[in-house]
Structures are given as structure tokens and as C-alpha cells.
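The residues making up each chain are set out below.
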Amino acid sequence: TWVAEYPALIVLAILCRPGLAMPTDWKTRLLWLAAAAVVAVAAYPGLTARYVTDENVFNWTIGAMLVIAGLVSREPLPFAAVIAVAFIIGHAYKPDAEQRETMRSFFGVHKITETTDGQYRVFLHGTTIHGAERLRDDNGNPITDKPPLITYYHPNSPMGVTVKAVRARVGGPIKVAVVGLGTGTFACHAEPADSFTFYEIDASVQKMARDPNYFSYISKCKPDVPVVLGDARLTLAEAKDKYDLIVLDAFTSDAIPIHLMTRESMAIYLNALAPHGIVLLHISNRHMELSSVVAGIAHANGLVSLVNNRGSREGEEDAKYIFTSTVVISARQET
């Protein structure tokens, strides 16, 4: 359920260095044994939990000790042994005490955590939050009604505002396609007469989103919502419906799959779009400016685009899992 091959490859790479043998000098042997013992003691849960509660501090502490060990001696075998000890104990010890479950699929590692106060359950893909649910109110009472919309989907977010605008534009029930299921939060934007369809590539994500023991957005808001499994670029091309709104909200950790934001993929969305319809791409990420790219591929398909990152900053509250987001909205006509 975790990426075990990364530390394994690092240790094996160290063993590939020349001179694979135990040091013959007894002082060097003692020094390496001491280094391994220091790493083990520093990472021991009972000790570290008292002094290191932050995962980054823990990692930097272990990293500094390994650097010191590497400077003391460069024999491959003992150095690899110390690295292996650090990885094994580092994985056995979980600084993130909130972690509830980890799942791994072909598409990555998914983590489900809960905050220490029991108010929120959080879904992470890689290092990025892709959804959360509020479990309890401010008084600590369990929320039994529909879960409130939070993270990137709250009512004042660009996505929330766009759903309202599409509903007003249609003047009745709307048909919506959402690429990227996550926790299924978007399902709670649906009204009873609306038709929502999710497109998801990872079957494990669908299993998680439909299980109320994990997240209850789908079970409480739209239990019969269809989820089409497969690559959305292929499955949307086969769609028979014409959607009033197509939402592209697919991520791999903090990255957006590039094949879903090309000129050719936009042509596929356009073919599945109603004449008055809107395509919305969620492009929030830490590293790249993508709004001009998306606007360019939309323009190449005869669409006009607007960038929306307003309406969320005013209400952004990280502690309550209400986040800022940036989207590009494209349509055949500006109004």
C-alpha cells in the first residue's frame, strides 16, 4: 500500500558501489554500529513521539544523521545498512498519527486520514488533498444530514459559482459530466432532477467514494449517480448525452494528466457539449501557470474562455478545509 520500491532501489544502488565489504578496522565497525543505533533510537516511536510530532522535522532529523554517517565513512555495505535501518524504522513509525488507511492502485497511493479532533476525514492522492468531508459540527456532534460542501467545491468556489450560472442559463434541470471522482463531493451540487455522470479511471477511487464508511457525499446526495470507469478521453468520446457542463477535475497528485488538456481532447469535450454548454477545467497546482495553455487550446477549437480564481480567497479557511482554486471556463459564446 506504499511505494516500497523507492527506498529498496536506493539501498540497492548503494550496494552497487565498488568495495562491497565490511570494514576490517574494529573502530570503523563500532562507528557504523553506533550510527545505526543512533538512527534507530532517533526513529523509535516511544522516544520520537515525545519530541518530534511533525513529519518534516522527523525526516530532516533522520536525513541529517545519514549525512553525518556518510561523511564519517564511505564503505558501501555499512552505509547501505544504516540507510535501510532509517527507511524501515521511518516507515514503521508514523508521524502522521491521523492516518486511517492507505490504498495503492496502478495510478498511485491513496491515503485517507482523519484530523485529531475527529471533525474532518481527508483524501490524499500522493501529496495533495483531493477531497475532505466534515464529520462533526462545532459542538462535536456527528453530521447526519448531507455533508457540507468544502475543499475546492464550496458554494463560493469557482466551481460552485459556475454550477449556479449554468443552472440559471438552462433554466431547469442540468446535465453535468465530471471527469475525476475523488470523494464524490461534486455530487452534492446536484438537485433531484439533475443528471450527473462521473468519469473516473481508477476503480479503487470509485469503491472508496461509494462507501459511506469512507465518504458519504454520493450515498447522501446522489446514490444512483453513474460512474463510467476508464480513460475519460476515450469514454467521453463515446458519450451519447450532450452536457450543459463538463468539469475536468482529474489530477495525479498535484499534476493534471496532460492528455486531458490538449487541442484534440478539447474537441472531444466540445462534441459532447450542448450548444449553450460550458467546459470547466480545474487547473490549481503548485508549480505551473496553465490558464493560458487551456485558453489557447479552447481558442483553437473556436471557444472563448474566462479564468476564475475569485470568490474563493475571501472565504478561504484552511483549518476548515475551504480552499482557493483556479479554473478556466470555456464556451462557444461569451454570454
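Bear in mind the structure is a predicted one, so any value in this text is a computation, not a measurement.

1. Quick look at the sheet that holds strand S8 (residues 243–248)
Strand order in the open sheet made by the seven strands is S7-S6-S5-S8-S9-S11-S10, with mixed pairing throughout. Since the sheet does not close on itself, it has two edges, and those belong to strand S7 (227–229) and strand S10 (304–308), each with one partner. For this sheet the average axis-to-axis angle between neighbouring strands, irrespective of direction, equals 20 degrees. Across four bridges, strand S5 (residues 175–179) lies against S8 in parallel orientation. Within S8, the residue paired with alanine 177 across the bridge is isoleucine 246. Across the face of the sheet, helix H6 (residues 158–170) comes into contact with S8, strand S9 (273–282), S10 and strand S11 (327–331) while running at roughly 175 degrees to S9. Across the face of the sheet, helix H10 (residues 263–271) comes into contact with S8 and S9 while running at roughly 140 degrees to S9.

2. Details of the side chain of threonine 151
By the element assignment, threonine 151 lies in the loop between strand S4 (128–134) and H6. When near neighbours in sequence (up to four residues on either side) are disregarded, threonine 151 contacts Gly131, Ala132, Tyr321, Ile322 and Phe323.

3. Notes on the confidence of the model for the protein
Per-residue pLDDT for the protein has a mean of 83; in total, 79% of the residues score no lower than 70. Within the model, the stretch residues 311–315 combines pLDDT values under 50 with twelve contacts to residues more than four positions away or in other chains.

4. What to know about the nonpolar core
One finds Met159, Phe186, Phe198, Met208 and Leu245 to be the most contacted residues of the largest nonpolar core, which totals 44 residues. In this structure, Ile268, Leu273, Ile297 and Ala298 belong to the second largest nonpolar core, which totals 28 residues.

5. Focus: the environment of methionine 288
Positionally, methionine 288 belongs in the loop between S9 and helix H11 (291–300). Here methionine 288 falls in the exposed class, since its relative accessible area comes to 58%. When the C-alpha positions of methionine 288 and alanine 255 are compared, they lie 9.2 Å apart, and in sequence the two are 33 residues distant.

6. Description of the pairing of strand S2 (residues 108–114)
Taken across its seven residues, S2 has five buried, putting it largely inside the fold. Here S2 pairs with strand S3 (residues 120–125) via five bridges, running antiparallel. The residue of S3 that forms the bridge with isoleucine 112 is phenylalanine 123. The turn linking S2 back onto S3 is made up of five residues, and glycine 118 within it adopts a positive phi angle of 75 degrees.

7. Notes on empty space enclosed by the protein
With the rule as written, the count across this model stands at one cavity of 30 Å³ or more. What lines the largest cavity is Leu248, Asp249, Ala250, Ile256, Leu260, Met261, Leu281, His282 and Ile283. A breakdown of the residues in the lining of the largest cavity according to their chemical character gives seven nonpolar, one polar and one charged.

8. Details of the environment of valine 170
One can find valine 170 in helix H6. The spatial distance from the C-alpha of valine 170 to the C-alpha of aspartate 244 is 7.8 Å, given a sequence separation of 74 residues. Sequence-distant contacts of valine 170, defined by excluding residues within four places in its chain, comprise Asp244 and His276.

9. Details of the pattern of salt bridges
Under the criterion given, the structure shown has six salt bridges. For glutamate 5, the salt bridge identified is with arginine 104, shortest N-O distance 2.7 Å. With glutamate 5 in helix H1 (residues 5–15) and arginine 104 in strand S1 (residues 99–105), the pair connects residues that are 99 residues apart, well separated along the chain. Its salt-bridge partner being arginine 167, residue glutamate 191 comes within 3.6 Å of it at the nearest N-O pair. Taken together, the residues span a long stretch of sequence, with glutamate 191 in the loop between S5 and strand S6 (195–200) and arginine 167 in helix H6 at a distance of 24 residues. On the basis of relative accessible area, arginine 167 is assigned to the buried category, the value being 17%. Through salt bridges with shared partners, a single network forms among Arg167, Glu191 and Asp194.

So, how was this worked out
- Residues numbered from 1 in each chain as written.
- Predicted model: local features only at pLDDT ≥ 70, side-chain atom pairs only at ≥ 80, totals over all residues.
- Heavy atoms only, no water.
- Pairing = 2+ DSSP bridges.
- Helix = DSSP H or I, 4+ residues; strand = E, 2+ residues; numbered from the N terminus.
- Axes fitted to C-alpha atoms, helices over the stretch in contact; angles between N-to-C directions.
- Contact = heavy atoms within 4.5 Å.
- pLDDT = per-residue confidence, 0-100.
- Core = buried A, V, L, I, M, F, W, Y, C linked by side-chain atoms within 4.5 Å.
- Buried < 20%, exposed > 50% of the residue type's maximum accessible area, 1.4 Å probe, protein only.
- 1 Å grid on protein atoms, 1.4 Å probe; cavity = no way out; pocket = protein on both sides within 12 Å on 5 of 7 lines; lining within 4 Å.
- Points joined across faces, edges and corners; volume = space filled by probe spheres on them.
- Nonpolar A, V, L, I, M, F, W, Y, C, P; charged D, E, K, R; others polar.
- Salt bridge = Lys/Arg side-chain N within 4 Å of Asp/Glu carboxyl O.

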